[in-house]
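Read off the chains here:
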Amino acid sequence: MARKGLLIAFEGIDGTGKTTQLELLAQVLRQRGLSVVATREPTAGQYGRKIRELYKNRKSVTPEEELALFLDDRREHVAQVIAPALACGQVVLTDRYYYSTAAYQGAAGHDPQKIIAANELFAPVPDMVIMLEAPVSLGVHRVQKLRGETLNDFEQEEALLRVARIFAGLKGGNIRRLDGTGDAATVHALIMKNVADLFRVE
Ligand code: TYD
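About the criteria used
- Residues numbered from 1 in each chain as written.
- Predicted model: local features only at pLDDT ≥ 70, side-chain atom pairs only at ≥ 80, totals over all residues.
- Heavy atoms only, no water.
- Salt bridge = Lys/Arg side-chain N within 4 Å of Asp/Glu carboxyl O.
- Buried < 20%, exposed > 50% of the residue type's maximum accessible area, 1.4 Å probe, protein only.
- Helix = DSSP H or I, 4+ residues; strand = E, 2+ residues; numbered from the N terminus.
- Near = heavy atom within 4 Å.
- Polar contact = N/O pair within 3.5 Å; in protein donor to acceptor, adjacent residues only side chain to side chain.
- Areas by Shrake-Rupley, 256 points an atom, 1.4 Å probe, with all protein chains shown as cover.
- 1 Å grid on protein atoms, 1.4 Å probe; cavity = no way out; pocket = protein on both sides within 12 Å on 5 of 7 lines; lining within 4 Å.
- Sits in = over half its atoms within 2 Å of the grid points.

Concerning the pattern of salt bridges
Argument step 1. This model, assessed by the stated rule, comprises five salt bridges.
Argument step 2. Across the salt bridge formed by Glu66 and Arg58, the nearest N and O atoms sit 2.7 Å from each other.
Argument step 3. Given a relative accessible area of 4%, Glu66 falls into the buried group.
Argument step 4. The salt bridge partner of Asp72 is Arg75, with a shortest N-O separation of 3.0 Å. Within this pair, Asp72 and its partner Arg75 are both found in helix α3 (residues 63–87), separated by three residues, close to a single helical turn.
Argument step 5. Arg75 gets classed as partly exposed once you look at its relative accessible area, which sits at 40%.

Brief notes about the site of the ligand
Argument step 1. The ligand sits among 15 residues. The nearest are Arg40, Tyr55, Arg96, Thr101 and Gln105.
Argument step 2. A distance of 3.2 Å is found between an oxygen atom of the ligand and a side-chain nitrogen or oxygen belonging to Arg52.
Argument step 3. Here the ligand loses 88% of its free accessible area of 550 Å² to cover by the protein chains.
Argument step 4. With respect to the detected pockets, the ligand is housed in the largest pocket.
Argument step 5. Residue assignment for the shell around the ligand shows that the elements contributing at least two residues are α3 and α4 (98–107).

Structure, rendered in structure tokens:
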């Protein structure tokens, strides 16, 4: 796959600030004149919509069907958004990527390493993974109290503890584990320090 652009994935459990931090980084990079594509998974496409229907009733599909939906969604995302943007030299920031599948579907019983291997057959490996870390209790608190949302079927605290454990154990030289407990400006500063290496040389 021809690749001139840069791919940065934001990962972590729910409520760690991925969405806020992705937007802040996108703003800075655009101010510097870079062409940025901000995107997310699950996508708004056909499979992403099916995934959202599961939020209220995850048990309506088997774990295998659930994993297949996330993979189909990602295949479409890579083909339609990520690969074309990278090919024309854009910076792609994605809110969740295949590390989420390893952690969430891994917590549901699949082998995380097999999930990563299956994804890397078709999904470009990110230049950097910003893994935001915060205690599960804080993540849940942020989702429930600050966003006023109830937890969807992927966000139940017990399952999230397993998800967090898998995220913590994932290995890769592209993974930067950053403390997501601070305020938005503090976490943003940490991220800027980490991505600096990627943007130094044109
Ligand atoms: P989230 O980022 O919270 O999106 P939204 O704002 O639409 O709720 O992601 C939705 C849920 O999907 C989240 O709890 C984690 C889960 N998920 C997986 O289980 N596997 C995956 O591969 C991805 C991308 C997400």
